[in-house]
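# Structural characterization, general
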Amino acid sequence: EVQLVESGGGLVQAGESLTLSCEASGFTFEDYFIGWFRQAPGKKREGVSCIRNSDGSTYYADSVKGRFTISTDNAKNTVYLQMNSLKPEDTAVYYCAAITSSGTPAQAMGVMSALYSNWGQGTQVTVSS
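Residues numbered from 1 in each chain as written. Predicted model: local features only at pLDDT ≥ 70, side-chain atom pairs only at ≥ 80, totals over all residues. Heavy atoms only, no water.

### Topic: the overall build of the chain
To keep it simple, the criterion reads: Only DSSP runs of H or I with at least four residues qualify as helices, and only runs of E with at least two residues qualify as strands; both kinds are numbered from the N terminus onward. Only the C-alpha atoms count toward the radius of gyration. The rule for a globule is 2.2 Å times the residue count to the power 0.38. For every residue, the accessible area (1.4 Å probe, protein chains only) is compared with the maximum for its type, and the residue is labelled buried under 20%, exposed over 50%, or partly exposed between those bounds. For this analysis, residues touch if any pair of their heavy atoms sits within 4.5 Å. Per-residue and other accessible areas were derived by the Shrake-Rupley procedure at a 1.4 Å probe size, with only the shown protein chains allowed to occlude residues.
Looking only at helices and strands, the chain has one helix and 10 strands in total. N-terminal to C-terminal, the α/β element order of the chain is β-β-β-β-β-β-β-β-β-α-β. A compact globule built from 129 residues should have a C-alpha radius of gyration of about 14 Å, and the chain, at 13 Å, falls within 12% of that. Dimensions along the principal axes, computed over C-alpha positions, put the chain at roughly 40 × 30 × 25 Å. When burial is assessed residue by residue, the chain has 42% of its 129 residues classed as buried. Put simply, 62% of the contacts in the chain that link residues at least 6 apart link residues at least 24 apart. Of the roughly 6,400 Å² of accessible surface on the chain, 46% is carried by carbon and sulfur atoms.

### Considerations on the sheet that holds strand E8 (residues 78-83)
We count it as follows: Pairing between two strands requires that DSSP report at least two bridges joining them. Each axis is a line fitted through C-alpha atoms, taken for helices only over the stretch in contact, and angles between the N-to-C directions span 0 to 180 degrees.
Spatial ordering of the open sheet is given by E1-E3-E8-E7, a layout of four strands whose pairing is antiparallel. The open sheet has two edge strands with one neighbour each: strand E1 (3-7) and strand E7 (68-73). Looking at each pair of strands side by side, their axes are set apart by 15 degrees on average, direction ignored. Summarising the sheet, strand E3 (residues 18-25) and E8 pair through six bridges and their orientation is antiparallel.

### Overview of the pairing of E3
Two elements, E1 and E3, share five bridges in a ladder whose sense is antiparallel. The residue of E3 that forms the bridge with Leu4 is Ala24.

### Notes on the environment of Phe27
Mapped onto the elements of the fold, Phe27 is located in the loop between E3 and strand E4 (33-39). With 26 residues separating them along the chain, Phe27 and Glu1 place their C-alpha atoms 7.2 Å apart. Here Phe27 is in contact with Val2, Gln3, Leu4, Tyr32, Ile34 and Ala98, once residues within four sequence places are set aside.

### A word on the pattern of salt bridges
Inclusion rule: Should a side-chain nitrogen of Lys or Arg be within 4 Å of a carboxyl oxygen of Asp or Glu, the pair is scored as a salt bridge.
Inspection of every chain in the model, using the stated rule, returns four salt bridges. One salt bridge in this structure joins Glu46 and Arg38, with 2.7 Å as the shortest N-O distance. On the basis of relative accessibility, which here comes to 31%, the residue Glu46 falls in the partly exposed class. In this structure Arg38 comes out as buried when scored by relative accessible area, which is 5%. For Asp90, the salt bridge identified is with Arg38, shortest N-O distance 2.9 Å. With Asp90 in the loop between E8 and strand E9 (92-99) and Arg38 in strand E4, this residue pair connects regions lying 52 residues apart in the sequence. Summarising the burial analysis for this pair, Asp90 and Arg38 share the class buried. Taken together, the salt bridges that share partners define one network made up of Arg38, Glu46, Arg67 and Asp90.

Take a look at the structure:
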C-alpha cells in the first residue's frame, strides 16, 4: 500500500552537495513521518534524518547535523534530503521510510529503526576524497 521511491544519488567529490528525493504514494502523506536511513558496506543501517509532514518538525543524527537538511513538499508527496559538505564517510545506499506515529521525529525515527521492514531499492551516494 505504502510506496516510496528514492532517487537523486550519484558520485560527487568531498565538499560538494547532493539532494535526494523520496516520492511517496498510497497513503495520506500529511499524516506520516518520513525518515532517511543509510547503509554502508559492512555496516548496519543508521538513521539520518526524519520529518513530521504535518508541521515540518525535524530530527538529525549528530553525524549530519549542520550539513544535511530535510524538507517536505506535501503538494508533491515528496521529502528531500539536501546534503552539503559531503564527506567520504557519507558514502552509502540511502533509503526512506514512512510511519504514522505520535510523538516527535526523533521518536518516530526510533520506531522505524526497530520495526520498519518495507525497504525499497534505495539510491547510492558515493563521495570521493
